[in-house]
Amino acid sequence: MIRVEQIELHEIRLPLKEPFRISSGLCTERRIMLLHLSDADGVETWSECVAGEAPNYTSETIDTAWFAITEYVAPRVLGVEFAHPSEVDPALELNFRGHNMAKAAIEMGTWGLCAEQQQVSLSKLLGGTRSGIETGISIGIQSSPAALVERVGRAIKEHYRKIKLKIEPGHDIDFVRAVRKAYPDAPLMADANNAYSLSDTERLKQLDDLDLIMIEQPLAFDDIIRHAQLQRALKTPICLDESITDVDKAEDMISLGAGRIINIKPGRVGGFTQSRAIHDLCVKHGIPVWCGGMLESGVGRAYNVALASLPGFSIPGDLSPSNRYWTRDVVTPEWTMDDEGIVHVPVDRPGLGVDVDRGRVDDLTVRTQTVRAQ
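Attention in this report is confined to the structure presented alongside it. All figures in this text were calculated on a predicted structure; none of them were measured in a lab.

Quick look at the sheet that holds strand 11 (residues 289-290) now. Here seven strands make up an open sheet; going across it, the order is 5-6-7-8-9-10-11 and the pairing parallel. Strands at the two margins of the open sheet, each flanked by one partner only, are strand 5 (136-139) and strand 11. In terms of strand pairing, strand 9 (residues 238-240) meets strand 10 (residues 261-263) through two bridges, oriented parallel. Residue pairing in the sheet places Leu240 in a bridge with Ile262 of strand 10.

This is the structure we're talking about:
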């Protein structure tokens, strides 16, 4: 039985080791919301809300999520008994539209709390079968093709299994072509973050000759129909990210042929219950899935690694080790990757598989609020 009695919200500021640029903006520091959940027996865990600083990925931000959690999401969970964490998702969906990232922060936290209560790994509780996750890297938009080639060369030497190249008009065809010429066998994909429209179809078709694993989310964040039109014009598989907000949207994609791959980010779809439903649907229809990242701290990474241990995650995930982004993470041990490009799932440790450095969190905290069961 799961009954959350208290939730502490912490906003921390965690500087990136290097600026990260995508088509919608530049990030040099992450404002991150961490949640500390506890029950009446003193069992506790941490979770993370992946909402960003600005509404450039979805309509949510850390500030809207903070308000949604304290005013609407937490009151639906605090003091309520759930037999299993999968019961939390329907409780949050009833007469409550949107705010998926706010919902996910608490829904996933209840999975973490249940894993602690049962003294099993989060991966095992979810039904994970993998002990290691092939790992990819996401490389932000660079100033020149040569700079991108150099950055990709470093990633190859670091043994990443998939290399995602962020693109936008003017930083796309020549950039990706230069990388492919330098590294003919590199496992490359492109991520557009909504930067194109159907009028760019002929431009995007030039990527077909560059042997990419996929082109991720080239069109609008809420689009399915136009992606179906574009996919019919491309040989390269389209991967949908922002467009897939729940299992129904995944069904739409499959029915309309709007893509051939799905990036499952649990924060984007409202948590683990929806993530597993999307995973199971894709397995049924032979659609490959992988787990993307949102520049999470080591707390959010723990949840992504657990999700990516499910059997249908056949494409390397964006699960880079802690030192890819942070000089010092907020968890111990920090997440690492071996020389084969594998992040190991902590299947033998209960809960998240890592410990949160409370002192580090307190040092980085700039705002906090506690909500309790009435």
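That was the structure; now back to the text.
Another aspect to go through is the pattern of salt bridges. In this structure the tally under the stated criterion is 26 salt bridges. The residue Arg161 makes a salt bridge to Glu134 at a minimum N-O spacing of 2.3 Å. Residue Arg161 is found in the loop between helix 5 (145-157) and strand 6 (162-166), and its partner Glu134 is found in strand 4 (residues 132-134); the two are separated by 27 residues along the sequence. Residue classification places Arg161 among the partly exposed residues on the basis of a relative accessible area of 29%. Here the salt bridges share partners, and the residues they tie into one network are Lys162, Lys164, Lys166, Asp191, Glu216 and Asp318.

This paragraph deals with unusual backbone geometry. Residue Pro333 is reached from Thr332 by a cis peptide bond, and omega for that bond is -10°. Positionally, Pro333 belongs in the loop between strand 12 (331-332) and strand 13 (342-344). The phi torsion at Gln119 lies on the positive side, around 55°, for a residue other than glycine. Tracing the backbone through its elements, the reader meets Gln119 in the loop between helix 3 (100-118) and helix 4 (122-126). In this model, Gln217 sits at a positive phi of 40°, which is unusual for a non-glycine residue. Along the chain, Gln217 falls in the loop between strand 8 (215-216) and helix 8 (225-233).

Once that is clear, we can look at the packing of aromatic side chains. All told, the structure shown has five aromatic pairs when counted by the stated rule. Ring geometry for Phe67 and Tyr72: centres 6.0 Å apart, planes at 75°, overall edge-to-face. Residue Phe67 is classed as partly exposed on the basis of its relative accessible area, which comes to 48%. Taken together, the aromatic side chains of Phe67, Tyr72 and Phe96 make up a single cluster linked through ring pairs. The side chain of Lys103 reaches across the aromatic face of Phe96, ending 4.5 Å from its centre. One residue, Arg367, lies across the ring of Trp66, its end atom 3.9 Å from the ring centre.

Turning to the packing of helix 9 (residues 247-256) against helix 11 (residues 272-285), a few remarks are in order. Relative orientation and spacing of two packed helices are given, respectively, by the angle between their axes and the distance between those axes. Between helix 9 and helix 11, the least distance of the axes is 9 Å, while the angle of their chain directions is 20°. Judged by the inter-axis angle, helix 9 sits roughly parallel to helix 11. In this structure, helix 9 crosses over helix 11, and the sense of that crossing is right-handed. Contacts from Val247, Ala250, Glu251 and Ile254 in helix 9 reach Gln274, Ala277, Ile278, Leu281 and His285 in helix 11.

Reading the values: rules and limits
- Residues numbered from 1 in each chain as written.
- Predicted model: local features only at pLDDT ≥ 70, side-chain atom pairs only at ≥ 80, totals over all residues.
- Heavy atoms only, no water.
- Pairing = 2+ DSSP bridges.
- Helix = DSSP H or I, 4+ residues; strand = E, 2+ residues; numbered from the N terminus.
- Salt bridge = Lys/Arg side-chain N within 4 Å of Asp/Glu carboxyl O.
- Buried < 20%, exposed > 50% of the residue type's maximum accessible area, 1.4 Å probe, protein only.
- Phe/Tyr/Trp six-rings, centres within 6.5 Å; stacked < 30°, edge-to-face > 60°.
- Lys NZ or Arg CZ within 6 Å of the ring centre and 35° of its normal.
- Axes fitted to C-alpha atoms, helices over the stretch in contact; angles between N-to-C directions.
- Parallel < 35°, antiparallel > 145°, perpendicular 65-115°, else oblique.
- Left-handed = near helix turned anticlockwise from the far one by under 90°.
- Contact = heavy atoms within 4.5 Å.

Bear in mind that shape data such as this cannot, by itself, settle questions of function.
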